[in-house]
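One-letter residues, chain by chain:
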Amino acid sequence: GGSGAGEPTLTVLGASSLTEALGRYGESFPGAKVRSSFAGSDQLAAQIEQGARADVFASADTAYPAQLHRERLVGKPVVFARNRLLVVTPPHGTVESLADLTEPGTRIVIGDPSVPVGAYTREVLGRLPASEQAAILDNVRSEEPEVTAVLAKVAGGAADAGFVYATDARTVAGQVRTVPLPPRLQPDVAYAAAVVSGSSEEEDAQRYLEGLLHGAGGADLREAGFLPPR
Amino acid sequence: MRLRSGFGLLALAAAALAVAFLVLPVVAIFADVSPGRLLDALGEESAREALWLSLRTTVIAMVLVVAVGAPAAYLLALKRFRGRSLVLAAIELPLVLPPAVAGIALLAALGPDGILGGALAGAGLELVFQTAGVVVALVFVSAPFFLRQAIAAFAALDPRLLEAARTLGAGPFRAFATVAVPSARPGLAAGLALAWGRALGEFGATLLFAGSLEGVTQTAPLAIFSAFNRPGGFTSALALSAVLIVLAATILVGVKLLGADRAVEAPPQVR
Amino acid sequence: MRLRSGFGLLALAAAALAVAFLVLPVVAIFADVSPGRLLDALGEESAREALWLSLRTTVIAMVLVVAVGAPAAYLLALKRFRGRSLVLAAIELPLVLPPAVAGIALLAALGPDGILGGALAGAGLELVFQTAGVVVALVFVSAPFFLRQAIAAFAALDPRLLEAARTLGAGPFRAFATVAVPSARPGLAAGLALAWGRALGEFGATLLFAGSLEGVTQTAPLAIFSAFNRPGGFTSALALSAVLIVLAATILVGVKLLGADRAVEAPPQVR
Amino acid sequence: MQFGEGADGRSLAVAARMPLRGFELSLELAVGPGERLALAGPSGAGKTTLLRIVAGLVRPAAGMVAVGEEVWLDTAAPREVPAERRRCGFVFQDYALFPRLSAWRNVAFGMTGPRRQRRRRAQELLDRFGIGALADASPGSLSSGERQRVALARALAAQPRALLLDEPLAALDPGSRRGALRELQAQLAGLSIPVLLVTHSYDEAALLAERIAVIDRGRVVQTGAPADVSTRPASPFVADFAGAAVLHGEASREPGGLTLVRLRGGGELRSTDEAAGPVAVSVFPWEITLQPPGGEGADSMLNRLAGEVISVTPVGNRVRVGIATPQPLGTEVTARSAAALGLRLGTRVVAAWKATATRLIPLS
Amino acid sequence: MQFGEGADGRSLAVAARMPLRGFELSLELAVGPGERLALAGPSGAGKTTLLRIVAGLVRPAAGMVAVGEEVWLDTAAPREVPAERRRCGFVFQDYALFPRLSAWRNVAFGMTGPRRQRRRRAQELLDRFGIGALADASPGSLSSGERQRVALARALAAQPRALLLDEPLAALDPGSRRGALRELQAQLAGLSIPVLLVTHSYDEAALLAERIAVIDRGRVVQTGAPADVSTRPASPFVADFAGAAVLHGEASREPGGLTLVRLRGGGELRSTDEAAGPVAVSVFPWEITLQPPGGEGADSMLNRLAGEVISVTPVGNRVRVGIATPQPLGTEVTARSAAALGLRLGTRVVAAWKATATRLIPLS
Ligand SMILES: Nc1ncnc2c1ncn2[C@@H]1O[C@H](COP(=O)(O)OP(=O)(O)OP(=O)(O)O)[C@@H](O)[C@H]1O
Ligand SMILES: Nc1ncnc2c1ncn2[C@@H]1O[C@H](COP(=O)(O)OP(=O)(O)OP(=O)(O)O)[C@@H](O)[C@H]1O
Ligand SMILES: [Mg+2]
Ligand SMILES: [Mg+2]
């Protein structure tokens, strides 16, 4: 982001799932004009790798910021939010509990292993007894690289259940039911952010991260359903 | 073809099937969106802004596509040179790129670290995260549609018309502007409609190359995507889609009317 | 047009700019991928499977598009009826749908809870999560490309050829198969190439409607996207893209050769 | 292999009524087996439309088409046999050969049977038309004359019940037209089915057909043998069409059995035809002799009109001379007389012809 | 407003050599100011190509094109003026009118100056050609004759230094051709620039031009006034082209000043032309009289060939009769003589003509 004569401009690259929270935070961010661009964390990482000039990178995982940090493309990442996984089902669906997922014929959609939500889902399944895990994986009909695709299928009744973040479920509020996961199965879903190397507004970017951790940004995240970083 | 023959009925069935199959999903979107939601979608500041940006960027992209593409197509249509068919195939390749790959390709070519990144930066031209970048992405994905139609239209020109213009003292530009373009107009308009339609729906390349910044690079398809990620966003995304469809249909029909072959409606030839 | 005139040079510049702009990003992908990586990408089991699935599903989709689309286009091209121009505009609408919206629209129309969901389920036809669903998504996004070219090609037919066939005893089907299709072949081939190219690059609608499962619904563009997400997968995504581009280019050129107007190469007319 | 000869003894009958742009097509025609009827008339008269009605490519508002006992169309019944089941040979104006089929495949298109047999029969037909060597050529590589022969062979190959030809010579360049005309004459002469052919030109009609139907604005204005039509035109239109000069005037009976015509614009003519009231006078250019002014009545020619020469156009050993009589007159004389008279623009001459060569056409 | 008259006194000179498909174009021609030269010849002879060379639409391998002092092309210099700066009026074979411009805009296309003035001058030209009322019509709605006039007006509107016409009458239907021919004659007669026109047909060439250049396979085979070309054909090709019957034989001098020709296939002829060795004999159909067999030598006609009638085609008041003499012979007699002779297919007749009407063309 360049700096004009007046208020500096901060360019924030945020993961799609942060659209609501960071959108609101950016609007009220004091002392700088915030422009936020939301896309898949992987796409944002690719943009940074290709040299796109931005100030803050807020990912839906910790792996991409860590990787970019190793490549010295971003500063040291900090975890700024956590999330929970849950199961969404169609409002009139057959799945009412986790146990129902093992029923043969249940159509389950999960995230592609290459996206964080997919990796976490596998972590959850890994904590189940081997037979249950196998039964559920057998029922997996699709591994979606985009959460929208998971939600569209559940909301559209094409799938009987899907594993998504609690925050994602809100985008289809009213069109799906949610089945929470017991705490013992919950993975540690952490969102990390970092200042992009070579940012021309490093101070403001740092201030933006601070706000995410302790200030208005944190509140906005909480309101959107995210959990505080421990 | 008589409709009341075996094949006639078959063709009728095929046509009905094809039309129903292509139209039904579009209709389904409207069925899912109440008229009230449609108006609400238009009422949202960000939606209006995205539509307006889409309109602006696609118009600029179309101006560029036509201004550069029409003379380029004219030349490619009329000149025979070695490797011509290779060139014609090459300019169609962007058609097959999956959208994200198109975005990556643009980043690799014109991004800050891309092949021409240094040259562009030297010229003070920034594209990524800029409205200009949206235009570049739109031109990249839509130009092939215009070019191939324009080349076909110019190639179908009666070469004697151009020769007649020359014997009447018209230089190459005048022949192009007053003879070639008017004669090729229906084909050019069809190509423009197609390119414009494609540009209005463009998503992946824009997102990767230009980002999704409200008011700057967030066009309507990106706003639709963004809406998906907001609470209750599914319905507002569909409503915005419906608006985009109406806009696109208007443009498609409008451009086609513009290109309609008026000569065809001339009085019948009587002697 | 003489090249050595002001406009000639301008047009030359325009053509060079257009070609460079469209080709450079594609080249950039290849520049980022070493030939070794390209071969590695082909060596990966999952990549091969995705390419093979892409090939299979696009071939089936093209067979359907041509089998239903050609007679449908024939009818739409030759018959005049009220609302014809509306129908012609309607079948082009899928062109402007952002890919994700196209997928949602397909779900709303053909998904289990969609308009026709019950009917399809009753017929025991499952599309979502099935290879059949991929084909449906591919047909939906690519059919308009074939249809519009086919309609144009059939509309350009000399109607007297069809009449001649009839006076020689050919019923509607024979006239279509032996006269209309061969005469319209170049246009049909161009439409097929375009539709096939679009189908090969299809991403969003397939993902949303059919899902993404290795060997079942994960086509090459989905595999590219997935590879792209994997840490360190960037280059293998690019490599797979490069392979897809080569495949698509081969198909584009192959189909065009198939449609090449052989009559043009007939011996010159001498008397 | 035979063609045409199969359908012996069946004649073609057509009656049709149909509004066209600007006027109504309304006519009846019958063509006997083996008879060649030429439809001649100006552009837009409805000639092509009539052929298309017979072939089943256009449906008239009301009408009937039959070959022998076989009814192809009867809007009263109603009954309509689709074009592809009529077996009606049609040679289109520009031949409409299938561009992607070779000559023999074009010819074999309407045949049935196994491929080898169709190939053989097509080859026989092409041989018969003198283009056997071109069996594998594509239509685009044929000359227009060759294309015409392929089109005719193709139409006959399906053993049609009637043959329709729409301006079969129009697509030929003038150089090849003379030869093609002669050939077509020979080819049509051998057929035993009804042949209906369309032409713009009276001369072509006279050469190709035994009977001419002159058609104008959708109606048959005269039918008859070519010689009858040109010597006894039923209307000024037919006279003009057959190449005669046409003048207008008022006729009255004279003592002595002749009819006197006072020409509009001045001048008098006499004719052996009987008429009274407004008439059109027709005289063929070659019946008119040109004489220097002054030399009156040295011959049997009763009709004399004086005027200035306004055009001189040599044609072969003859010269066409236009004369500014009160109503302009086209004449034709031998090159020798033209030279003897010293004809050039502006020369004053007298055009003279016999009362017996003066046809009167009463105008309603 | 004037056209054509401006470029007084400048003649057009062309020399060109260029390989075409199958043969080489190689010719030189000059057309004087106001002269009308017709290029006549068979299809594919290179006529259009020559016009295109003059207009600058094709560049020959070697050649020169000049109008007066102005050199348009000189491959030796080298110098080449692009087509758009030659001011060379070109009437294309199918007129090539701009389909989306109205008639007057087509005419005004080559004019310079403000729009209103161009409109006025275009209107004047259209009026002059008798189609002023059609100024706003689109070319698609014009008849072919009207289109021809617009094309001519358009070519002349740019005040060209030379006028080229490529088969200006070929696109017309036979019905309108006669009238259009007369009009074109009048229009071309008024010009003072060189006019080069192309036609397939000897008759048209004779009517439209003062001089004919017969061109075959890229070469000028004869030039001259129409009458000269037809009465003294330089080659069998020209004789045939001008409408004469052509026979082949061996000539030898006879005592008495005549030349004896022994025809290939049998028969003898005599001619007043001098020649020896292989010759082509040309005689015009109308020079030949037909007689019943037997009645020998009752007249001054030295040449007599007997044969069967193989074709009879009436044309106007004349009949063309083909006779199977050893070499087939085309003749033309009046309808009256045909009737008197009872001519029909198979009748045996004697074709007779004078030695003075027998042209001999030595074959190298
Ligand atoms: N199906 C139709 N319905 C109404 N009018 C028609 C139809 N087909 C042709 N016409 C009109 O009928 C008139 C006669 O057309 P037709 O082609 O039969 O004339 P033609 O005598 O063959 O003329 P030409 O000698 O120029 O070919 C034309 O004015 C044409 O526009
Ligand atoms: N630029 C060219 N180079 C080589 N050959 C050519 C070129 N243009 C035409 N030809 C060939 O030259 C020959 C003469 O063509 P041209 O069109 O001049 O004949 P034409 O006398 O006008 O015939 P027509 O009477 O049929 O119009 C043809 O065989 C054509 O294929
Ligand atoms: Mg007609
Ligand atoms: Mg020519």
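All of these numbers come straight from a predicted model, not from anything done at the bench.

1. Examining the overall build of chain B
- The helix and strand inventory of chain B stands at twelve helices and zero strands.
- Starting at the N terminus and ending at the C terminus, chain B contains elements arranged as α-α-α-α-α-α-α-α-α-α-α-α.
- Its C-alpha atoms give chain B principal-axis dimensions of about 70 × 65 × 30 Å.
- Residues classed as buried in chain B amount to 60% of the 271 residues present.
- Residue pairs at least 24 apart in sequence account for 72% of intrachain contacts in chain B once pairs closer than 6 positions are excluded.

2. Focus on the packing of aromatic side chains
- Summed over all chains, the structure comprises 27 aromatic pairs over all chains.
- Between Tyr-74 of chain B and Phe-154 of chain B, the aromatic rings sit 5.2 Å apart at their centres with planes inclined by 70 degrees, giving edge-to-face as the arrangement. Here Tyr-74 of chain B is found in helix H3 (residues 45-78), whereas its partner Phe-154 of chain B is found in helix H7 (residues 131-155), with 80 residues between them in sequence.
- By relative accessible area, Phe-154 of chain B is classed as buried at 0%.
- By way of ring pairs, the aromatic residues Phe-7 of chain B together with Tyr-74, Phe-154, Phe-173 and Phe-176 of chain C are connected into one cluster.
- Sitting above the plane of the Phe-109 of chain D ring, Arg-174 of chain C keeps its charged end 4.2 Å from the centroid.
- Its end group placed over the ring of Phe-98 of chain D, Arg-154 of chain D keeps NZ or CZ at 4.7 Å from the ring centre.

3. Focus: the interface of chain C and chain B
- Taken residue by residue, the interface counts 83 residues in chain C and 83 residues in chain B.
- Summed over the shared surface of chain C and chain B, the result is zero salt bridges.
- Taken together, the links from chain C to chain B amount to zero residue pairs in polar contact (both at pLDDT 80 or more).
- A class-by-class count of the residues in the side of chain C that touches chain B yields 69 nonpolar, six polar and eight charged.

4. Thoughts on empty space enclosed by the protein
- Counting across every chain of the model gives eleven cavities of 30 Å³ or more.
- If you add up the space inside the largest cavity, you get close to 340 Å³.
- Broken down by secondary-structure element, the contributors of at least two residues to the lining of the largest cavity are helix H2 (41-49), helix H4 (116-126) and helix H6 (147-155) of chain A together with helix H11 (220-229) of chain C.
- Considering only enclosed or pocket space, the second largest cavity measures out at about 260 Å³ in volume.

5. Focus on the site of ligand 1
Residue and element names in this part refer to chain D.
- Of all residues adjacent to ligand 1, which total 14 residues, the nearest are Arg-21, Ser-43, Gly-44, Thr-48 and Thr-49.
- Between ligand 1 and Gly-46, the relevant distance is 2.9 Å, taken from an oxygen atom to a main-chain nitrogen or oxygen of the residue.
- Take Thr-49: an N or O atom from its side chain is 2.5 Å from an oxygen atom of ligand 1.
- Protein chains shield 71% of the accessible area of ligand 1, which is 640 Å² for the free molecule.
- Sorting the residues of the shell around ligand 1 by element identifies strand S1 (12-19) and helix H1 (47-55) as the ones contributing at least two each.
- Per-element accounting of the shell around ligand 1 gives the leading share, three residues, to H1.

6. Some remarks on the sheet that holds strand S9 (residues 195-199) of chain D
Residues and elements named next belong to chain D.
- The sheet built from six strands is open, its strands ordered S7-S8-S9-S3-S10-S11 with mixed pairing. A single partner strand is all that each edge strand has here, and the edge strands are strand S7 (88-91) and strand S11 (219-224). Along the sheet, successive strands turn relative to each other by an average axial angle of 20 degrees, direction set aside.
- Summarising the sheet, strand S8 (residues 162-166) and S9 pair through four bridges and their orientation is parallel. Paired with Leu-165 across the strands is Leu-197, a residue of S9.
- Most of the contacts of H1 go to S8, to which it runs at about 150 degrees, and overall it touches strand S3 (36-40), S7, S8, S9 and strand S10 (211-216).

7. Observations concerning the site of ligand 2
All names here are of chain E.
- In the vicinity of ligand 2, 14 residues are found, and the nearest of them are Arg-21, Ser-43, Gly-44, Thr-48 and Thr-49.
- A distance of 3.1 Å is found between an oxygen atom of ligand 2 and a backbone nitrogen or oxygen belonging to Ala-45.
- Protein chains shield 71% of the accessible area of ligand 2, which is 640 Å² for the free molecule.
- Of all elements in the fold, only strand S1 (12-19) and helix H1 (47-55) reach the threshold of two or more residues within the shell around ligand 2.
- Tallied by class, residues from the shell around ligand 2 come to five nonpolar, six polar and three charged.

8. Observations regarding the relation of the copies chain C and chain B
- Here chain C sits on chain B after a turn of 180 degrees about the axis and a move of 0.0 Å along it, with an RMSD of 0.2 Å. Taken together, the turn and the small shift mark the pair as related by a two-fold rotation axis.
- Residue by residue, 99% of the interface of chain C is reproduced at the interface of chain B, so both copies engage with the same surface.

9. Thoughts on helix H9 (residues 216-223) of chain A
All names here are of chain A.
- Within the sequence span of H9, burial applies to Gly-217, Gly-218, Asp-220 and Leu-221. Down the axis of H9, the sector holding all buried residues measures 160 degrees, keeping them to one side.
- Immediately downstream of H9, the backbone of Gly-225 shows phi near 105 degrees, a positive value.

10. So, unusual backbone geometry
Residue and element names in this part refer to chain D.
- Here Ala-77 and Pro-78 are connected by a cis peptide whose omega angle stands at -10 degrees.
- With respect to the secondary-structure elements, Pro-78 resides in the loop between strand S5 (70-74) and strand S6 (79-80).
- In this structure, Glu-167 takes a positive phi of about 45 degrees despite not being glycine.
- Looking at the element boundaries, Glu-167 is found in the loop between S8 and helix H5 (174-189).

11. A short note on the packing of H3 of chain B against H7 of chain B
Residues and elements named next belong to chain B.
- Two numbers describe how H3 lies on H7: the axes approach to 7 Å, and their chain directions differ by 40 degrees. Remark: the crossing between H3 and H7 carries right-handed chirality.
- Of the residues assigned to the contact of H3 with H7, the class counts are 24 nonpolar, five polar and one charged.

12. Some details on the pairing of strand S14 (residues 268-271) of chain D
Residue and element names in this part refer to chain D.
- What you see with S14 is a clean split: Leu-269 and Ser-271 sit on the buried side and Glu-268 and Arg-270 on the side with no burial.
- Where strand S13 (residues 259-263) lies against S14, four bridges are found, and the strand directions are antiparallel. Along S14, the bridge assignment pairs Leu-260 with Arg-270.
- Counting the residues that bridge the hairpin from S13 to S14 gives four residues, and of these Gly-265 lies at a positive phi of roughly 90 degrees.

13. Quick look at the arrangement of the chains
- Counting contacts across all eight pairs of chains that touch, the top-ranked interface belongs to chains B and C.
- Taking C-alpha atoms as the reference, chain A and chain E come no closer than 49 Å and do not contact one another.

14. Comments concerning the pairing of strand S15 (residues 277-283) of chain D
All names here are of chain D.
- When you tally the buried positions in S15, you get six out of seven residues, the bulk of the element.
- Inspection of the sheet shows strand S12 (residues 245-253) paired to S15 by seven bridges, in the antiparallel sense. Bridge pairing in S15 places Leu-247 opposite Val-281.
- Where S15 and strand S21 (residues 359-362) come together, four bridges link them in antiparallel fashion. By the bridge assignment, Ser-282 is partnered in S21 with Arg-359.

15. Some thoughts on the environment of Leu-22 of chain B
- With respect to the helices and strands, the residue Leu-22 of chain B is situated in helix H1 (residues 6-32).
- Not counting residues within four places of it along the chain, the set of residues in contact with Leu-22 of chain B comprises Ile-91, Pro-94, Phe-140, Ala-143, Pro-144 and Leu-147 of chain C.

16. What about the pattern of salt bridges?
- For the structure on display, the rule yields 52 salt bridges over all chains.
- Note that Glu-126 of chain C is salt-bridged to Arg-141 of chain A, the shortest N-O span being 3.2 Å. Of this pair, Glu-126 of chain C sits in the loop between helix H6 (117-122) and helix H7 (131-155) while Arg-141 of chain A sits in strand S7 (residues 140-144), placing the two residues on different chains.
- Salt bridges linked by common partners bring Glu-254, Arg-262, Glu-268 and Arg-270 of chain D together as one network.

Cut-offs applied
- Residues numbered from 1 in each chain as written.
- Chains lettered and ligands numbered in written order.
- Predicted model: local features only at pLDDT ≥ 70, side-chain atom pairs only at ≥ 80, totals over all residues.
- Heavy atoms only, no water.
- Helix = DSSP H or I, 4+ residues; strand = E, 2+ residues; numbered from the N terminus.
- Buried < 20%, exposed > 50% of the residue type's maximum accessible area, 1.4 Å probe, protein only.
- Contact = heavy atoms within 4.5 Å.
- Phe/Tyr/Trp six-rings, centres within 6.5 Å; stacked < 30°, edge-to-face > 60°.
- Lys NZ or Arg CZ within 6 Å of the ring centre and 35° of its normal.
- Salt bridge = Lys/Arg side-chain N within 4 Å of Asp/Glu carboxyl O.
- Polar contact = N/O pair within 3.5 Å; in protein donor to acceptor, adjacent residues only side chain to side chain.
- Nonpolar A, V, L, I, M, F, W, Y, C, P; charged D, E, K, R; others polar.
- 1 Å grid on protein atoms, 1.4 Å probe; cavity = no way out; pocket = protein on both sides within 12 Å on 5 of 7 lines; lining within 4 Å.
- Points joined across faces, edges and corners; volume = space filled by probe spheres on them.
- Near = heavy atom within 4 Å.
- Areas by Shrake-Rupley, 256 points an atom, 1.4 Å probe, with all protein chains shown as cover.
- Pairing = 2+ DSSP bridges.
- Axes fitted to C-alpha atoms, helices over the stretch in contact; angles between N-to-C directions.
- Least-squares fit on C-alpha atoms with pLDDT ≥ 70 in both.
- Arc of directions from axis to C-beta.
- Left-handed = near helix turned anticlockwise from the far one by under 90°.

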